[in-house]
Amino acid sequence: MSGILDLLNSDMGRQMIGGLSQETNQSEDKTASVLSMAMPLLMGAMNRNAATPEGAEGLVSAINGKHDGSILDNLGGLFSGGVDEEVKQDGLGILGHVLGGSQDNVVSAISQKSGVDTNGVMQILQVAAPLVLGYLGKQTNSQGTTDSSAITGLIGGLLGGGSQEAGKEQSLIESILDGDNDGSVIDDIAGMVLGGDKTQSSGLGSMLGGLFGK
């Protein structure tokens, strides 16, 4: 999962972790743990949404609008004195759109794996969501394209590119996003991550363990 997670190891990523840690009163280690799970899932959910013409149009519109990456230009200002309520509300809207009715399951699963309570996970996610979408917008605009197919290709690259291992991880994200193939985003992540769904193969369980750092 090299692309999007590499961001966490960059100066920008460390600034995100530090700012969110301060914002949510969580340790930097736990904040980084939540982000390392949430960022690929959010990006994967955006990728799934972009697979439909309506979803792709919505993503392009967001990137051409307020989510052009400018939020990343002054992270010091973003976190100074507390994150603006407008950013948090924007984040809640993004989470609701990309995760749908499975948002609570995702938050619960990440909470169990990271050791951060659900309220803390939600506080991190609602600020992380605009940052992830902004990062996608910045990467898209730097390439000078707003074509939906190019954007989905870019997302694939951020999720690890075309390597065999990356392909497995992207397939894993697809499984997490719709484990029962009913089109509902991340419908059974809680069962898959927390071990409640005994129908999942041991291979998938092992891959989940790798993805979630446990």
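Report follows, based on the coordinates. Within any chain, residue numbers begin from 1 and follow the written order of that chain's sequence. Since the coordinates come from a predicted model, pLDDT governs what is reported: local features require at least 70, and pairs of side-chain atoms require 80 or more to be given and counted, while whole-chain, interface and lining totals use all residues. To obtain the side-chain values, all non-hydrogen atoms of the structure were included, while hydrogens and water were left out.

1. Things to note about empty space enclosed by the protein
Points on a 1 Å grid over protein atoms alone make up a cavity when a 1.4 Å probe fits among them but cannot get out, and a pocket when they form an open set with protein on both sides within 12 Å along at least five of seven lines; lining residues each have an atom within 4 Å of a point. Grid points are joined across faces, edges and corners, and a volume is the space filled by probe spheres set on the points. Considering all chains together, one arrives at 1 cavity of 30 Å³ or more under this definition. For the largest cavity, the full set of lining residues is Ala38, Leu41, Leu42, Leu99, Val106, Ile110 and Leu125. Secondary structure elements are defined from DSSP: runs of H or I of at least 4 residues count as helices, runs of E of at least 2 residues count as strands, and each element is numbered from the N terminus. Counting residues per element, the lining of the largest cavity draws most heavily on helix 3 (residues 28-49), at 3 residues. Residues were grouped as follows: Ala, Val, Leu, Ile, Met, Phe, Trp, Tyr, Cys and Pro as nonpolar; Asp, Glu, Lys and Arg as charged; and all remaining residues, including Gly, as polar. Across the lining of the largest cavity, the residue classes tally to 7 nonpolar, no polar and no charged.

2. Focus: the pattern of salt bridges
Salt bridges are identified by distance alone: a Lys or Arg side-chain nitrogen within 4 Å of an Asp or Glu carboxyl oxygen. Considering all chains together, one arrives at 4 salt bridges under this definition. For the salt bridge of aspartate 11 with arginine 14, the shortest nitrogen-to-oxygen distance reads 2.6 Å. Of this pair, aspartate 11 and arginine 14 both sit in helix 2 (residues 11-24), 3 residues apart, roughly one helical turn. With a 1.4 Å probe rolled over the protein chains alone, any residue whose accessible area is under 20% of its type maximum counts as buried; one over 50% counts as exposed, and the rest are partly exposed. Relative accessible area serves as the criterion here: at 47%, arginine 14 is assigned to the partly exposed category. Where aspartate 90 meets lysine 66, a salt bridge forms, and the shortest distance between an N and an O atom there is 3.8 Å. Taken as a pair, aspartate 90 in helix 6 (residues 85-99) and lysine 66 in the loop between helix 4 (53-64) and helix 5 (75-79) lie far apart in primary sequence, 24 residues in all. Classification of aspartate 90 by relative accessible area gives buried; the value is 18%.

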